[in-house]
Every structure is written in C-alpha cells, then in structure tokens.
Amino acid sequence: MTRSRPVLGRRLDRVVTRLLRIGGRLLGRPDEEQLHDLTGRQKGGPVGTGSTVYAQALTAGRRAIETGENGEALYQFGLAADARPAEAWPWHGRGDALQLSGDHAGALAAYDEAVERVPGLALAHNGRGNALDGLGRREEAVAAWEKALELDPRLSWPRRSLERGGALG
C-alpha cells in the first residue's frame, strides 16, 4: 500500500500545480501508450519482475505527473527508487516532475541518475537535453538530444528539439 503525503504537502502541491499547469500544456505530455511504443516495454521493466510497492509507486507517480501534482509525483518516485534502487524509471520520472516544476538543475541530476543505471535509456538522454536547454547549456543539450536519437531514432521529441534550434538539417 502506498502512503499519501500530509495535508499541507498536498495543499502546496495544488498551489504550485496551478502555476505550472500552463508550462505542462505548452510542453505536452506523452501518454502511456506512446511511451510504451517508444521504449518497446512497459515502464518499470518486464512484467512480473518487480515488487508491488515499486509498481504501485511508479503508477501513482506517473498519474500525479498527468494531473500536475509534481510534489506527489516526486514522493511516489522516491518510494519506487527506494523499493528498487537499481531501476532507472523512478529517476526518469523524478526528472520529469522536476523539469515540469522548473527545477532544471534538479531534473538534470535525476536524469543523470537514470542514465547511470541504464546508459542506453534514450528517453533519459532526451530529458537531459531538455534540462540542459533549460539551464542555457545549448551545446550540451544538442549533444544529449543527438545521443537520444542515436539510441532510438524513432523518438520524435529530441528530433523536434533539434529542429527547433536549427541543429538538424
């Protein structure tokens, strides 16, 4: 059973969520089916290999991101990371929540943790590019997006980011 955050934390989430919702709408969020198609697997690894706490926390974290409750998402991804420390997906989710909250440095650190665990995770490299771009480190962002495309040429997000900046011809 997953635990919920204290009432004060949830209230703060609502206030911050309202402020960040516009940014989330501008960036757009992939749905679960799109993520599954891009990665070729379900988030959290193959079915039947993880603990119930891990799967429930990952699901709750993704749901919280979809509803703009980034604080709750961070909490749930923390539970998932505690349950299965070697997995990259909780760190990727944490990076997404931090990125949507405007904490680009924190997002970069989280995506780096995901890449450390699974160096070939193209979506984490894409997230790194977005965080680096948010920090004004454009050349590093381009390199991260290019790495994401090298790992998975089907990804549309890094391609759009590179096209937007004129890095793709």
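Since the structure is predicted, the reported quantities are computational estimates derived from the model, not experimental observations.

On to the pattern of salt bridges, then. In a structure, side chains of opposite charge can pair up when their charged atoms sit close to one another. Under the criterion given, the structure shown has eight salt bridges. Between Arg137 and Glu140 there is a salt bridge, and its shortest N-O distance comes to 2.7 Å. In this structure, the salt-bridge partner of Lys147 is Glu150, at a minimum N-O distance of 3.6 Å. Pair noted here: Lys147 and Glu150 are both in helix α8 (residues 138-151), with a separation of three residues, about one helical turn. On the accessibility criterion, Glu150 (59% relative accessible area) is exposed. In the salt-bridge network here, residues are joined through shared partners; they are Asp133, Arg138 and Arg164.

A separate point is the packing of aromatic side chains. Within this structure, the stated rule accounts for zero aromatic pairs. It is Arg84 that lies over the ring of Tyr54; its NZ or CZ is 4.1 Å from the centre.

Between its first and last C-alpha atoms α8 spans 20 Å; for 14 residues at 1.5 Å apiece the expected length is 20 Å, and the two agree. All of the buried residues along α8 are Ala141, Val142, Ala144, Trp145, Ala148 and Leu149. Looking straight down α8, one finds that the buried residues subtend no more than 165° of arc, so they occupy a single side. For α8, the exposed residues set more than 90 degrees away from the buried face come down to Glu139 and Glu150. Check the buried side of α8 and you find it contacts α7 (122-134) and α9 (157-164).

Cut-offs and rules
- Residues numbered from 1 in each chain as written.
- Predicted model: local features only at pLDDT ≥ 70, side-chain atom pairs only at ≥ 80, totals over all residues.
- Heavy atoms only, no water.
- Salt bridge = Lys/Arg side-chain N within 4 Å of Asp/Glu carboxyl O.
- Helix = DSSP H or I, 4+ residues; strand = E, 2+ residues; numbered from the N terminus.
- Buried < 20%, exposed > 50% of the residue type's maximum accessible area, 1.4 Å probe, protein only.
- Phe/Tyr/Trp six-rings, centres within 6.5 Å; stacked < 30°, edge-to-face > 60°.
- Lys NZ or Arg CZ within 6 Å of the ring centre and 35° of its normal.
- Expected span 1.5 Å × (residues − 1).
- Arc of directions from axis to C-beta.
- Contact = heavy atoms within 4.5 Å.

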